[in-house]
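Residue-level structural notes
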Amino acid sequence: MGNFMFHGVDTVKLAEKYGTPLYVMSEDFIKERCKEIRDDFLNKHSNTKAVYASKAFLTKEMARIIKREGLGIDVVSGGELYTAIEVDFPMDKVILHGNNKSVEEIEMAVQHDVGRIVVDNISELDLVQAAGEKFDKIVKILFRISPGIESDTHRYIQTGQVDSKFGIPLNKNSIKKAMEKANSLKNVELLGFHSHIGSQIFDNENHIKSIEVITNLMKDVKRDFGFITKELNTGGGYGIQYAGDDERKPLSYFTDEIVKEVEKRTEEYGLERPTIIIEPGRWVAGEAGITLYTVGSIKEIPGVRTYVGIDGGMPDNPRPSLYQAEYDAVVANKINEEKTDLVTIAGKCCESGDILIWDLQVPELESGDILAVLATGAYNYSMSSNYNKLRRPAVVMINEGEDRVIVERETYQDLLRNQV
């Protein structure tokens, strides 16, 4: 028989101990990815920085792990920034992103001395300047640039194309306005540029194209404004293995070529080689997580399909409904049994679109079996909701064979806590 073991821990016993649905995260895996970042990027290439893209998965405990591992963190909201503040994360290692930052968020960032604010648009410069004046501080910024590159990924996670809500368009008039505006502000210090082409990318072609575009920009702004680019943030987006995808590539596959291209271009253009920054998120957290569910209803429609109902769905993993993300899963308590049946895993929400996995090969299933959906560490907990008034699952972190709760399961009282 046998049960599914995840990084040395029996998942069936976890389900019995904590209930389901249950997010399970492996600190062992996260630390392995952080070590790889240090060994194959930070220590391998001089003048580099790495920050974890926390939107993928952020809790207080995750922020503490990243802090202990010596990486920086990027945040995209006041809530993510507040989480970092609460665990005394080194603020000089925090980068604030966002295409529509509020005055409150910018002021919180400036007041707490975040390392960088990535300015997404020209109008945002006035807000940053006002916050700098209010707190009598010089705010260090990067400009986010839209490089005009369309990546081979789902259009909802493309970010670098011409028609993008992110970044300053790469045309001479927009760049001229942004540079002149930044140069005129006393409380703003522009250090360089940021670009990000999208998420779940498996090759380097468009990363290299983006660097070509941005280094050309670096050359132009040096010529036109005498501006020396000190930092170049190349974003993240490195792909991981979901159902049907290639295996996760080592970090060096991406970063070696990125560094090589930056150094080649800057030498060719007679530019100083800037600090190179990367922002992996999903690559760190995605395969570190699984979600455990209990099988409930089993509904066979002869000649059509068999629906297997689980005790979660869209609220704890909206990605299949949002952009047809595909997941693999195993039956945790029947891991060694022959897969004889083809089923569709259906969530419990009152939505026809609440399907977690179409056409999954499984052993013969019974109510009460435990299903483990793989690679749910990124954009599951962080995108979860209370749709249909379902309670968010607990999150358990495992490390060296031990387990601990890092987020308590919500109660019915939690659902109504803020209601009047």
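Remember, it's a predicted structure, so these values are computed and weren't measured experimentally.

Section: the side chain of Thr83
Locating Thr83 in the fold gives a position in helix 4 (residues 78-86). Look at Thr83 and you get buried, because its relative accessible area is 17%.

Structural notes on the pairing of strand 18 (residues 370-374)
Burial within strand 18 is extensive, with four of its five residues counted as buried. Bridging between strand 13 (residues 289-301) and strand 18 involves five bridges; their strand directions are antiparallel. Considered in strand 18, the bridge of Tyr293 is made with Leu371. As paired elements, strand 15 (residues 329-331) and strand 18 share three bridges and run antiparallel to each other. What sits directly across from Val330, in strand 18, is Ala372.

Description of the packing of aromatic side chains
What the rule picks out here adds up to seven aromatic pairs. Ring centres 6.4 Å apart and planes at 45° place the aromatic pair Phe4 and Phe6 in the tilted group. Given the relative accessible area of 8%, Phe6 is considered buried. Between Tyr238 and Phe254, the ring centres sit 4.6 Å apart and the planes meet at 20°, which makes this aromatic pair stacked. Here Tyr238, found in the loop between strand 11 (231-233) and helix 9 (251-269), pairs with Phe254, found in helix 9; they are 16 residues apart in sequence, far enough to count as distant. Of the two residues, Tyr238 and Phe254, neither departs from the other in class, the shared state being buried. The rings of Tyr23, Phe57 and Tyr381 are connected pair by pair, giving a single aromatic cluster. In this structure, Arg391 packs its charged tip against the face of Tyr412, placed 4.1 Å from the ring centre.

Quick look at the pattern of salt bridges
For the coordinates displayed, the defined rule picks out 31 salt bridges. Across the pair Arg116 and Glu231 runs a salt bridge, and its minimum N-O distance is 2.6 Å. With a gap of 115 residues between them, Arg116 in strand 7 (residues 116-119) and Glu231 in strand 11 connect regions that are remote in the sequence. The same class applies to Arg116 and to Glu231, which are both buried. Where Glu261 meets Arg265, a salt bridge forms, and the shortest distance between an N and an O atom there is 2.9 Å. Residue Glu261 and its partner Arg265 are both found in helix 9; the two are separated by four residues, about one turn of the helix. Just as Glu261 is buried, Arg265 falls in that class too. What emerges from the salt-bridge pattern is a single network uniting Glu27, Lys31, Glu61, Arg64, Arg68 and Arg404.

Some thoughts on the confidence of the model for the chain
Of all residues in the chain, 96% have pLDDT values of 70 or greater, and the mean over the chain is 94. A low-confidence stretch, residues 151-161 stays under pLDDT 50, and its non-local contacts, those more than four residues away or across chains, total 37 contacts.

Examining the environment of Leu42
As for its placement among the helices and strands, Leu42 is situated in helix 2 (residues 27-42). Its relative accessible area of 24% is what places Leu42 among the partly exposed residues. Sequence separation between Leu42 and Arg144 is 102 residues, and the spatial gap between their C-alpha atoms is 23 Å. Excluding anything up to four places from it in sequence, Leu42 contacts Ile37, Thr48, Lys49, Ala50 and Leu71.

Points about helix 8 (residues 205-225)
An ideal rise of 1.5 Å per residue puts 30 Å on 21 residues; helix 8 measures up with 30 Å between its terminal C-alpha atoms. Each element contacted by the buried residues of helix 8 is listed here: strand 8 (139-146), helix 7 (172-184), strand 10 (188-194), strand 11 and helix 9. Positive backbone phi, at 70°, marks Gly226, one or two positions downstream of helix 8.

Comments concerning the state of the cysteines
Summed over all chains, the structure comprises zero disulfides. Cysteine Cys350 shares no disulfide, and the gap to the nearest cysteine sulfur, in Cys349, comes to 7.3 Å. For Cys350, a relative accessible area of 68% translates into the label exposed.

Examining the packing of helix 5 (residues 103-111) against helix 6 (residues 124-135)
Between helix 5 and helix 6, the shortest axis-to-axis distance is 9 Å and the interhelical angle comes to 45°. When the axis of helix 5 is compared with that of helix 6, the two are oblique. Helix 6 is crossed by helix 5, and the crossing has right-handed handedness. Within the contact between the two elements, helix 5 uses Val103, Ile106, Glu107, Val110 and Gln111 and helix 6 uses Glu124, Leu127, Val128, Ala131, Gly132, Lys134 and Phe135. Partitioning the contact of helix 5 with helix 6 into residue classes produces seven nonpolar, two polar and three charged.

Each value, and the rule that gives it
- Residues numbered from 1 in each chain as written.
- Predicted model: local features only at pLDDT ≥ 70, side-chain atom pairs only at ≥ 80, totals over all residues.
- Heavy atoms only, no water.
- Helix = DSSP H or I, 4+ residues; strand = E, 2+ residues; numbered from the N terminus.
- Buried < 20%, exposed > 50% of the residue type's maximum accessible area, 1.4 Å probe, protein only.
- Pairing = 2+ DSSP bridges.
- Phe/Tyr/Trp six-rings, centres within 6.5 Å; stacked < 30°, edge-to-face > 60°.
- Lys NZ or Arg CZ within 6 Å of the ring centre and 35° of its normal.
- Salt bridge = Lys/Arg side-chain N within 4 Å of Asp/Glu carboxyl O.
- pLDDT = per-residue confidence, 0-100.
- Contact = heavy atoms within 4.5 Å.
- Expected span 1.5 Å × (residues − 1).
- Disulfide = S-S within 2.5 Å.
- Axes fitted to C-alpha atoms, helices over the stretch in contact; angles between N-to-C directions.
- Parallel < 35°, antiparallel > 145°, perpendicular 65-115°, else oblique.
- Left-handed = near helix turned anticlockwise from the far one by under 90°.
- Nonpolar A, V, L, I, M, F, W, Y, C, P; charged D, E, K, R; others polar.

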